[in-house]
Amino acid sequence: MNTTPKRENWIRRIRLGDSVATAAQITLESRLKTTEHFLRLAALRFQETPEHVHQLRVSTRRSIAALRMYESLLPKKRAKWFRDRLRRIRKAAGEARDLDVFLQRFEKDQHSPHFRDLKLDIARRRRRAQRPIARMYQK
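Being a predicted model, the structure only gives us computed values, none of them experimental. (Residues numbered from 1 in each chain as written. Predicted model: local features only at pLDDT ≥ 70, side-chain atom pairs only at ≥ 80, totals over all residues. Heavy atoms only, no water.)

Draft legend 1. The arrangement of a positive patch on the surface in detail. On the surface, Arg-88, Arg-125, Arg-128, Arg-131, Arg-135 and Lys-139 cluster together to form a positively charged patch. Looking at the secondary structure, you find Arg-125 in helix α4 (residues 113-138). (Patch = residues over 30% accessible without salt bridge, like charges linked within 9 Å, V, L, I, M, F, W, Y side chains within 5 Å. Areas by Shrake-Rupley, 256 points an atom, 1.4 Å probe, with all protein chains shown as cover. Salt bridge = Lys/Arg side-chain N within 4 Å of Asp/Glu carboxyl O. Lys, Arg positive; Asp, Glu negative; His and termini not counted. Charge placed at Lys NZ, Arg CZ, Asp CG, Glu CD. Helix = DSSP H or I, 4+ residues; strand = E, 2+ residues; numbered from the N terminus.)

Draft legend 2. Broad picture of helix α3 (residues 76-107). Taking 1.5 Å of rise per residue, the 32 residues of α3 would be expected to cover 46 Å, and the 46 Å separating its terminal C-alpha atoms lies within 8% of that figure. Considering bend angle alone, the principal kink of α3 is centred on Gly-94 and spans about 30°. (Expected span 1.5 Å × (residues − 1). Bend = angle between axes of the 7 residues up to and from the residue.)

Draft legend 3. Broad picture of the packing of α3 against α4. Put simply, α3 and α4 touch, their axes get as near as 9 Å, and they point 160° apart. Comparing their axes, α4 and α3 come out roughly antiparallel. α3 and α4 meet at a crossing whose hand is left-handed. The class makeup of the residues in the contact of α3 with α4 is 16 nonpolar, no polar and eight charged. (Axes fitted to C-alpha atoms, helices over the stretch in contact; angles between N-to-C directions. Parallel < 35°, antiparallel > 145°, perpendicular 65-115°, else oblique. Left-handed = near helix turned anticlockwise from the far one by under 90°. Nonpolar A, V, L, I, M, F, W, Y, C, P; charged D, E, K, R; others polar.)

Draft legend 4. Representation of the pattern of salt bridges. Tallied over the entire structure, the rule returns five salt bridges. Arg-124 is paired through a salt bridge with Asp-121; the nearest N and O atoms lie 2.1 Å apart. You can see Arg-124 and its partner Asp-121 sitting in helix α4, three residues apart, about one turn around the helix. Taking the relative accessible area as the measure of exposure, Arg-124 reaches 39% and is therefore partly exposed. Note on Asp-121: relative accessible area 25%, which makes it partly exposed. (Buried < 20%, exposed > 50% of the residue type's maximum accessible area, 1.4 Å probe, protein only.)

So this is what it looks like as structure tokens:
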């Protein structure tokens, strides 16, 4: 059985007639599970593709939006804890994502001597930017 969360914009398991509490539970579980999935991939398998970090940022934005939507149903301390943790994860992934985009742009000019040193510097900075993502995953 494949346990990889689907990357979807919509939560399809919510049915007409479900209570708001049920909808909140389904939505938050789905969004947080997806964030957890991409945090693991971004931390452990980031060299495979920059898409892991990109999807981590997308999933944190969606999780934060779901928390806001259902905030009045959640215990204040628990909601704050999740919101703070998600913001830290998103911030940790931000610099890495920016550097991934720069590196992709330089791939086209990989033979240009003008960009070789700059690309090496960006790659070094990208490796350093990976540390906060790994720390957030370990927590």
